[in-house]
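# Structural characterization, general
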Amino acid sequence: MGHREQESILSAIIFNLNYNYMKKRILFMSLMAIFMYATSAFGQQTTEITGKIVDSQGESIVGANIYLEGTTVGTVADLEGNFRLVTDKEGGYNLIISFVGMIQIEKRVELTGSEIDLGTVTMESDAVGLAEVQVFANIAIDRKTPVPVANIKPAFIEERLGMQEFPEILKSTPGIYATKQGGAFGDSRVNIRGFNARNSAVMINGVPVNDMENGWVYWSNWAGLSEVTRTMQVQRGLGASKIAIPSVGGTINILTKTTDAEAGGNIYYAVGNNGYTKTGFTLSSGLTDNNWATTISIAKSSGDGVVDATEFESYSYYLNVSKLLNNKHRFAFSLFGAPQWHGQRRTRLTIDTYKDPAINNIYYNADWGYKNGQVYNVNRNYYHKPMGIFNHFWDVNDKLNISTAAYLSIGTGGGTGPLGEYKFYDPAYMRENQPDIDLIVDENIAAGAAGSETILRSSVNNHFWTGVLSNATYTEGWLTLTGGVDWRYYKGEHYREVDDLLGGQFYLDDSNVNNPNNAAFIGDKVAYYNDGLVGWQGIFGQAEADFGDLTAFVAGAISNKSYTRVEYFLETHDGSGAKSDRYNFLGYSFKGGANYNLTGAHNVFMNAGYFENQPDFRTIFYNYTNDANEDAPNENVMSFELGYGFRSSMLTANLNAYYTTWKNKSRVISYRDNNEDKFANLTGINARHMGVELDFKAQPAKNLTINGMASIGDWIWMNDIIDAQFFDDNQNLITTQSIYISDVHVGDAAQITAAAGVSYELLAGLKFGVNYNYYDKLFANFDPEGRTAEPATEENPDAWEMPDYQLVDMFMRYRFNLGPYRATLVGNVNNLFDTEYISDARDGASHTWTDAEVYYGWGRSWSVSLKINF
């Protein structure tokens, strides 16, 4: 054997010895590590902390955050407010319990390996006097108030609103259909169970804000309300309000911020697509030693708008001053408003027009052009509607309390549009598919002493609105009695004025019989001028019985509504206007319901009611003169509802069915014919709305929440209309004709809606969510002129049914510490997949897509916001 072979054999032996030694050593060390880990785990102690989180009314606070300060150990409360936190840490820690809108709680706990049961932990609102406002505003209570409700909490608004219009935050609620209409800032609308804003009450802190002449709610007046909203509750159907309000479809109850209980504030900044920005701040004094508290919020929003030429600028402000006089009296004063202006898109167009190769733009807006090289809006809205509310809450004794609100709103503003010859929409005056404003200016200049043929006017709708609402509540054992008074006064001032002479010297207007040759200059009144005076005196009462598992109520209200009209143009007068007689109409409502909790998990409820709603202003003064229909009938509404609820720690669900008939309904429909705005005044309409609604929320894991809803409705018009009146844009009667709509589906809102959402808190403070919405059985609103011909068959042709559509939204929310401050970063993407869809439509004569006039909804939009609390 050679020397090299001996060395190879020796090396192999040494290698094998070393390899076997190392293998045994690694095995030994691994066994020792496993043994030490097992011994450590066996000897390690874990502490379990449990409890239930509720608010001051005993309602569970779902999603409350519970964590050990300075660690990543935490959990959230389930659907019943219960929580369970398990940790292997030892020693003393601060246990933090927090939730948006509540005062944070700190509890010192000693982690010793034994169980810690905190029992029921009550979180107090971080707002002074919120509980009193909730009672005054008739906020429904789960498993007690027998109406279907949806509660929109502050955290939800913070996470989901983004660039959406304020009503759109409700879109995943059963029975709700919310759109942006023309797509401009503040022009959104919301329907509940197929009823538009006129027949769905909107209340702010318990005070009704539906227009007293026509019942409408103009959301552009409240465009800044999202910055100061504390919470929203949608009560579908009859609702829980005790006063007489037009809650046929439902009630949207908005509670604004009161005064923060602790000193501090926040600054806010947001950016989004199309130049969108929002900045704001809030400052609060907290409750001082002498029991005063003050909060102020200011914000500004601006942007270019998604739809062409819909630039906007909006400001919002909010002030609340509260004083706890003693343990029996508390006073609060709130002042809020949102002055704004924005370009509008008011002209619906056919689908072929949007898809025309020369346009090919779903955001195309026909209501603007260029003047001297600058964007010039034909339709521009501007308004400021400040509202002040003074509240007094008086706890007389432990059984009786009296709450009073005195309020005042002074609104100023209007909207612009064409007057004179309608050249803005004449094809001869179009340049690159937009109105050629410069050509109109040139012609007006050339007209010289003859004056302008076409001008831009402003339709002004100012108002003065004040009222007092007061109720007393007395509780004796199981019985609670409530009664009160409701007084309101409203003056609406309506006129048109010259906004822009478009190069001319004046505009010759013959609308005023007192000045038939009116050479009107900028700011002068033209076309029409009248006031509407509306008075309201009402009383209401309710008896509620609470037997624990069974609660029941009966409520009634009676009111007198008076109308007076003052005419300045169409009748001669001494300078103070020609005043009509005062016409009084008596209305009343009666409703009742009961809720029975079968077990801790199951409950059933029912309600029923009958309303006699007074006709509105335009129904009384039906032809825009002082001629009055003093025998106009009340609108008759009858409604029934049944519901079932289920509650557990993992799942809450609600199922309800409703049936509502509405007779002698009146309605004013605006439409455009040959590029001219027109109106139809319809009376004596009957409708039937019925449907089934389901909503649920599940929490299969502590950081995972799943929610969903489905709503299936069947809403139809029940009769044809005899003698409908048609008016031009200057309120001149054109003709009177019948309209054939019997058995036609109610349009303007999807009769089938569904939604599903998932949110997951990936890490402490970091939350992601996806929401899906589906809309179907969406019919175009009928065009009055397209329904004047008697059908050749026994059945009226139905309105065009728009294509169904589905949208997906996403959000991200991250709460983190920024030095000594607490910050929240939120990102939103709406219509994630950039779906193209039609959200609104007016039916055409053929009742097909070919002549329907539509609005397309927004495509993908995004926003990012940062709030820093201090």
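Residues numbered from 1 in each chain as written. Predicted model: local features only at pLDDT ≥ 70, side-chain atom pairs only at ≥ 80, totals over all residues. Heavy atoms only, no water.

## A short note on the overall build of the protein chain
Worth spelling out the cut-off: Strands here are runs of E lasting at least two residues and helices are runs of H or I lasting at least four, both read from the DSSP assignment and numbered beginning at the N terminus. Here the radius of gyration uses the C-alpha set of atoms, whereas the globule reference equals 2.2 Å times the residue count to the power 0.38. Between buried and exposed lies partly exposed: a residue is buried under 20% and exposed over 50% of the maximum accessible area for its type, with that area taken using a 1.4 Å probe on protein chains only. Between two residues, a contact is recorded if the distance between any of their heavy atoms is within 4.5 Å. Using a 1.4 Å probe, the Shrake-Rupley method yields the accessible areas, and only the shown protein chains count as cover for residues. Charge assignment in this entry is limited to Lys and Arg as positive and Asp and Glu as negative, and neither His nor the chain termini are counted. Working definition for charges: the position is that of NZ of Lys, CZ of Arg, CG of Asp or CD of Glu.
Secondary structure summary: the protein chain contains six helices and 52 strands in total. For 870 residues, the compact-globule formula gives about 29 Å, and the C-alpha radius of gyration of the protein chain, at 32 Å, lands near that figure. Expressed along its principal axes, the backbone C-alpha trace of the protein chain runs to roughly 130 × 85 × 60 Å. Taking all 870 residues of the protein chain together, 55% fall into the buried category. Long-range contacts, defined here as pairs at least 24 residues apart, represent 68% of the contacts in the protein chain between residues at least 6 apart. Summed over all atoms, the accessible surface of the protein chain reaches about 36,500 Å², with 56% contributed by carbon and sulfur. Computed over 66 positive and 99 negative side-chain charges, the separation of the two mean positions in the protein chain equals 8 Å.

## Quick word on the side chain of glutamine 542
Assignment of secondary structure puts glutamine 542 in strand β35 (residues 525–546). Looking at glutamine 542, the relative accessible area reads 11%, which means it is buried. Once residues lying within four places of it in the same chain are set aside, the contact partners of glutamine 542 are Lys242, Thr480, Leu481, Thr482, Phe553, Val554 and Ala555.

## Considerations on the confidence of the model for the protein chain
We apply this condition: Confidence of the predictor at the level of single residues is given by pLDDT, which spans 0 to 100.
On average, residues of the protein chain score 90 in pLDDT, and 93% of them are at 70 or above. A low-confidence stretch, residues 1–19 stays under pLDDT 50, and its non-local contacts, those more than four residues away or across chains, total two contacts. With pLDDT under 50 throughout, residues 30–43 is counted as low confidence; its partners more than four residues away or in other chains account for zero contacts.

## Comments concerning the sheet that holds strand β23 (residues 349–350)
What links the strands of a sheet is backbone hydrogen bonding, and the strands pair in either a parallel or an antiparallel sense. Put simply, the rule reads: Here the rule is simple: two strands pair whenever DSSP picks up at least two bridges between them.
Spatial ordering of the open sheet is given by β23-β51-β50, a layout of three strands whose pairing is antiparallel. Sheet topology places β23 and β50 (838–842) at the edges, where each strand pairs with a single neighbour. Pairing analysis gives two bridges linking β23 to strand β51 (residues 853–856), with the strands arranged antiparallel. Bridging across to β51, leucine 349 finds its partner in valine 854.

## Topic: unusual backbone geometry
Trans is the prevailing form of peptide bonds, just as negative phi is the prevailing case for residues other than glycine. Located in the positive-phi region is alanine 527, a residue other than glycine, with phi close to 75°. By secondary structure assignment, the location of alanine 527 is in strand β35. Among the residues examined, alanine 527 registers a relative accessible area of 9% and is labelled buried.

## Comments concerning the side chain of threonine 145
Applied cut-off: By the criterion applied in these results, polar contacts are pairs of N or O atoms within 3.5 Å in which, for protein atoms, one can donate a hydrogen and the other can accept it, and in which residues neighboring in sequence qualify only through two side-chain atoms.
By the element assignment, threonine 145 lies in the loop between α2 (130–136) and β9 (149–152). A polar contact is formed between the side chain of threonine 145 and the backbone nitrogen of isoleucine 141, at a distance of 2.9 Å. Dropping the residues within four chain positions of it, threonine 145 is found in contact with Ala140 and Ala240.

## Things to note about the packing of aromatic side chains
Applied cut-off: Stacked, edge-to-face and tilted are the three classes for Phe, Tyr and Trp ring pairs, Trp counted by its six-membered ring, which pair at centre distances within 6.5 Å; planes under 30 degrees apart are stacked, over 60 edge-to-face, the rest tilted.
Counted by the stated rule, this structure contains 24 aromatic pairs. Judged by centre distance (5.5 Å) and plane angle (80°), the ring pair of tyrosine 177 and tyrosine 775 falls under edge-to-face. In this pair, tyrosine 177 is assigned in strand β10 (residues 176–179) and tyrosine 775 in strand β47 (residues 766–778), connecting sequence segments 598 residues apart. Judged by its relative accessible area of 1%, tyrosine 177 is buried.

## Some points on the pairing of strand β21 (residues 329–337)
Examined bridge by bridge, strand β20 (residues 312–324) and β21 share eight bridges and lie antiparallel to one another. When the bridges of β21 are listed, tyrosine 317 appears paired with glycine 337. Hairpin connection between β20 and β21: a loop of four residues separates the two successive antiparallel strands. The pairing of β21 with strand β27 (residues 387–395) spans eight bridges and is classified as antiparallel. Across the sheet, the residue bridging to histidine 329 is tryptophan 394, located in β27.

## Things to note about the sheet that holds strand β5 (residues 91–98)
Operational definition: Structural elements are reduced to axes, namely lines fitted to C-alpha atoms, with helices fitted over the stretch in contact, and the angle between N-to-C directions of any two is expressed from 0 to 180 degrees.
Read across the sheet, four strands follow the order β3-β2-β5-β6 without closing on themselves; strand pairing throughout is antiparallel. Edge positions in the open sheet fall to β3 (74–76) and β6 (105–111), since each of these has one partner strand only. On average, each strand axis in the sheet is inclined to that of its neighbour by 20°, with strand direction left out of account.

## Quick notes on the environment of leucine 762
Along the chain, leucine 762 falls in strand β46 (residues 750–763). Look at leucine 762 and you get partly exposed, because its relative accessible area is 47%. Spatially, the C-alpha atoms of leucine 762 and tyrosine 269 are 25 Å apart, while their sequence positions differ by 493 residues.

## Section: the nonpolar core
Convention followed: Put simply, a nonpolar core is a bunch of buried Ala, Val, Leu, Ile, Met, Phe, Trp, Tyr and Cys residues held in one set by side-chain atoms that sit within 4.5 Å of each other.
Counting 53 residues, the largest nonpolar core has Leu682, Trp717, Ile739, Ile741, Trp800 and Val854 as its most contacted members. Per element, the largest residue contribution to this core is four residues, and it comes from strand β42 (residues 676–701). Counting 50 residues, the second-largest nonpolar core is a separate cluster that includes Tyr407, Trp536, Phe585 and Ile620.

## Side note on the pattern of salt bridges
The criterion, for reference: By definition here, a salt bridge exists when the distance from a side-chain nitrogen of Lys or Arg to a carboxyl oxygen of Asp or Glu is within 4 Å.
For the structure shown, the criterion picks out 32 salt bridges. A salt bridge links glutamate 158 to lysine 867; the nearest nitrogen and oxygen atoms lie 3.8 Å apart. With glutamate 158 in helix α3 (residues 154–160) and lysine 867 in strand β52 (residues 861–869), the pair connects residues that are 709 residues apart, well separated along the chain. You can call lysine 867 partly exposed: its relative accessible area is 23%. The partner of glutamate 836 in a salt bridge is lysine 355, with the nearest N and O atoms 2.6 Å apart. Taken as a pair, glutamate 836 in the loop between β49 (821–830) and β50 and lysine 355 in helix α4 (residues 351–355) lie far apart in primary sequence, 481 residues in all. The class of lysine 355 is partly exposed, set by a relative accessible area of 34%.

## Some remarks on the environment of glutamate 853
Residue position: glutamate 853 is located in strand β51. The spacing of glutamate 853 and threonine 353 is 500 residues in sequence and 9.5 Å in space, taken between C-alpha atoms. With residues up to four places along the chain from it excluded, the contact list for glutamate 853 reads Arg348, Leu349, Thr350, Arg672, Asp840, Ala841 and Arg842.

## Quick notes on helix α5 (residues 437–447)
In plain terms, the rule: Arc definition: directions from the helix axis to the C-beta atoms.
Inspection of α5 places Ile437, Ile440, Val441 and Asn444 among the buried residues, and these make up the whole buried set. One side of α5 carries all its buried residues, which in axial view fall inside an arc of 100°. The secondary structure elements touched by the buried residues of α5 are β24 (368–371), β25 (374–377), β30 (434–435) and β31 (454–476). Within two residues after α5, glycine 448 carries a phi angle of roughly 55°, on the positive side.

## Points about a nonpolar patch on the surface
Where we set the bar: Two distance rules govern patches: like charges are joined within 9 Å, and nonpolar side chains (Val, Leu, Ile, Met, Phe, Trp, Tyr) within 5 Å, applied only to residues with over 30% relative accessible area and no salt bridge.
Together, Trp478, Phe547, Leu550, Tyr596, Leu598, Val604, Tyr644, Leu655, Val692 and Leu694 make up an exposed nonpolar region whose accessible area comes to about 860 Å². Topologically, tryptophan 478 is positioned in the loop between β31 and β32 (479–500). Given a relative accessible area of 45%, tryptophan 478 falls into the partly exposed group.

## Remarks on the pairing of β51
Pairing of β50 with β51, which is carried by four bridges, proceeds in the antiparallel orientation. By the bridge assignment, isoleucine 838 is partnered in β51 with tyrosine 856.

## Focus: the environment of leucine 324
With respect to the helices and strands, the residue leucine 324 is situated in strand β20. Classification of leucine 324 by relative accessible area gives partly exposed; the value is 23%. Residues leucine 324 and asparagine 290, spaced 34 residues apart in sequence, show a C-alpha to C-alpha distance of 8.4 Å.

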